[in-house]
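Each chain, written out:
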Amino acid sequence: MDKSYLAYMNIVSAQYIVSSPSVEKCPPADKPEYAFIGRSNVGKSSLINMLCLQQNLAKTSATPGKTQMINHFLIQSEPDEKKTTKSNARSSWYITDLPGYGYAKVAQGQRAQWKKMIEKYLRERTSLVVVFVLIDSRHKPQELDLAFIRRLGEWKVPFALVFTKSDKETQRLVSTHVKQFLSVLQEEWESLPPHFITSAVKQKGRKEMLAFIEQCNLYIK
Ligand code: GTP
Ligand code: MG
């Protein structure tokens, strides 16, 4: 990534809009949208709060299965004027917080229903720019995550990887897990997606992710 873009975005406001049970019930698809998905309890809601610097924007929980619908958050951002000569216009875009996959304690019927809802959302939401797939950086590559990424490929949904909870392990081990994950992907994909290493606790990866989103917003304008 072009490092000169780093920190070229400030979040002006972040606001919860609505929770929708299906793609049809979502707000009009009139703004760039960035979805956050991954295994249950991987840290999706915490990451959204960290990016927006708002503790209680998305509901987090130590118990998996907290997020159950498609949750829209409206974000207003502006370029960091000190550092950019590009357009200073404000951007409005959406973040969506999605239910996690792979939570064993959810009844099979409900799991199947979530799966259908998520697939329909990912395939039919026309304003979706990128899906951030969150991976727990404490573990070796997991088949569940790899299988989900394969499905995204089949559906031709653009995605980026986010390795979460990096504060919980040594940098060395996190880096090993990231390398292992990317090398598995390399066996199946021609090119690797962008990836970020984050910690919601330490605010790690925030600038990099916001800079990436800003770049995408500018590109699609
Ligand atoms: P579901 O909505 O249930 O699928 O979970 P989620 O993926 O939204 O996870 P959530 O953000 O609710 O976080 C789950 C747990 O992990 C909470 O106890 C968080 O405090 C913790 N957690 C999330 N991110 C981090 C992180 O970067 N570092 C540490 N140490 N803990 C984290
Ligand atoms: Mg959640």
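The preceding data block contains the structure.
Parameters at a glance
- Position labels on residues start from 1 in each chain and follow its written sequence.
- Chains and ligands are labelled sequentially in the order written, the chains with letters from A and the ligands with numbers from 1.
- Under the rules for a predicted model, residues below a pLDDT of 70 receive no local features and side-chain atom pairs below 80 are neither given nor counted, while totals for whole chains, interfaces and linings still include all residues.
- For the side-chain quantities, the full set of heavy atoms in the structure was used; hydrogens and water were omitted.
- Throughout, the protein atoms alone are placed on a 1 Å grid, and a set of points is a cavity if a 1.4 Å probe fits but cannot get out or a pocket if it is open with protein on both sides within 12 Å along at least five of seven lines; lining residues have an atom within 4 Å of a point.
- Grid points are joined across faces, edges and corners, and a volume is the space filled by probe spheres set on the points.
- Secondary structure counts use DSSP, requiring at least four H or I residues in a row for a helix and at least two E residues in a row for a strand, with both numbered from the N terminus.
- Only heavy atoms are used to decide nearness, and a residue is near a molecule or strand if one of them lies within 4 Å of it.
- Polar contacts, as counted here, are pairs of nitrogen or oxygen atoms within 3.5 Å of one another; within protein the pair requires one atom able to donate a hydrogen and one able to accept it, and residues that are adjacent in sequence qualify only if both atoms are side-chain atoms.
- All accessible-area figures derive from a Shrake-Rupley calculation using a 1.4 Å probe, and residue coverage is judged against the displayed protein chains alone.
- Ten residue types, Ala, Val, Leu, Ile, Met, Phe, Trp, Tyr, Cys and Pro, are classed as nonpolar, four, Asp, Glu, Lys and Arg, as charged, and the remainder, Gly among them, as polar.
- The buried label goes to any residue with under 20% of its type's maximum accessible area, the exposed label to any with over 50%, and the partly exposed label to all in between, with areas taken from a 1.4 Å probe on protein chains only.
- Charge counting follows a simple rule: Lys and Arg are positive, Asp and Glu are negative, and His as well as the terminal groups are ignored.
- Definition used for salt bridges: Asp or Glu carboxyl oxygen within 4 Å of a side-chain nitrogen of Lys or Arg.
- Whether two residues are in contact is decided by their heavy atoms, any of which lying within 4.5 Å being enough.
- Each Phe, Tyr or Trp ring, with Trp reduced to its six-membered ring, pairs with another whose centre is within 6.5 Å; inter-plane angles below 30 degrees give stacked pairs, above 60 give edge-to-face pairs, and intermediate values give tilted ones.
- Helix axes are fitted to C-alpha atoms over the stretch in contact, other axes to C-alpha atoms as well, and angles between N-to-C directions run from 0 to 180 degrees.
- An angle counts as roughly parallel when it lies under 35 degrees, as roughly antiparallel when it exceeds 145, as roughly perpendicular when it falls between 65 and 115, and as oblique in every other case.
- Here, any two strands with at least 2 DSSP bridges between them count as paired.

Caption draft 1: Looking closely at empty space enclosed by the protein. Using the criterion set out here, one finds two cavities of 30 Å³ or more in the structure. Volume-wise, the largest cavity comes out at about 60 Å³. What lines the largest cavity is Arg39, Val42, Leu134, Ile135, Asp136, His139, Lys140, Pro141, Gln142, Asp145 and Phe181. Top contributing element to the lining of the largest cavity by residue count: strand β5 (residues 128–136), with three residues.

Caption draft 2: View of the site of ligand 1. Near ligand 1 there are 22 residues, and of these Lys44, Ser46, Thr67, Asp167 and Ala200 occur at the shortest range. Between ligand 1 and Val42, the relevant distance is 3.2 Å, taken from an oxygen atom to a main-chain nitrogen or oxygen of the residue. Asp167 is positioned such that a nitrogen or oxygen atom in its side chain is 2.7 Å from a nitrogen atom of ligand 1. The fraction of the free accessible surface of ligand 1 (660 Å²) that becomes covered by protein chains is 86%. Partitioned by chemical class, the residues of the shell around ligand 1 number five nonpolar, twelve polar and five charged.

Caption draft 3: Structural context of the side chain of Arg206. Tracing the backbone shows Arg206 in helix α5 (residues 206–220). At 9.1 Å, Glu208 is the nearest oppositely charged side chain to Arg206, a buried residue that forms no salt bridge. Looking at Arg206, its side chain comes within polar contact range of the main-chain oxygen of Met50, at 3.2 Å. In this structure, Arg206 is in contact with Ile11, Met50, Leu51 and Leu53, ignoring residues within four places of it in sequence.

Caption draft 4: Region of the structure containing the packing of aromatic side chains. Applying the stated criterion to the full structure yields ten aromatic pairs. Aromatic pair Tyr34 and Trp93: ring centres 5.6 Å apart, planes at 85°, arrangement edge-to-face. Placement of Tyr34 in strand β2 (residues 33–38) and of Trp93 in strand β4 (residues 91–97) is noted, with a sequence separation of 59 residues between them. A single burial state applies to Tyr34 and to Trp93, both of which are buried. Site record: aromatic cluster; members linked through ring pairs are Tyr34, Phe36, Trp93, Phe132, Phe196 and Phe212.

Caption draft 5: The arrangement of the packing of helix α1 (residues 44–52) against α5 in detail. Where α1 contacts α5, the two axes come as close as 10 Å, and the packing angle between them is 80°. Classified by the interaxial angle, the pair formed by α1 and α5 is roughly perpendicular. Facing Leu47, Met50 and Leu51 of α1, the residues of α5 in contact are Arg206, Met209 and Leu210. Looking at the contact of α1 with α5 residue by residue, the classes come out as five nonpolar, no polar and one charged.

Caption draft 6: Inspection of the sheet that holds strand β6 (residues 159–164) at higher detail. Read across the open sheet, the seven strands follow the order β1-β3-β4-β2-β5-β6-β7; overall the sheet is mixed. If you trace the sheet from one side to the other, it starts and ends with β1 (9–20) and β7 (195–197), each paired once. Across the sheet, the mean angle from the axis of one strand to that of its neighbour is 25°, orientation sign disregarded. Where strand β3 (residues 70–79) meets β4, seven bridges bridge the pair, whose relative direction is antiparallel. Each residue of the ladder has a partner; that of His72, found in β4, is Thr96.

Such coordinate-based values are descriptive only and should not be taken to indicate function.
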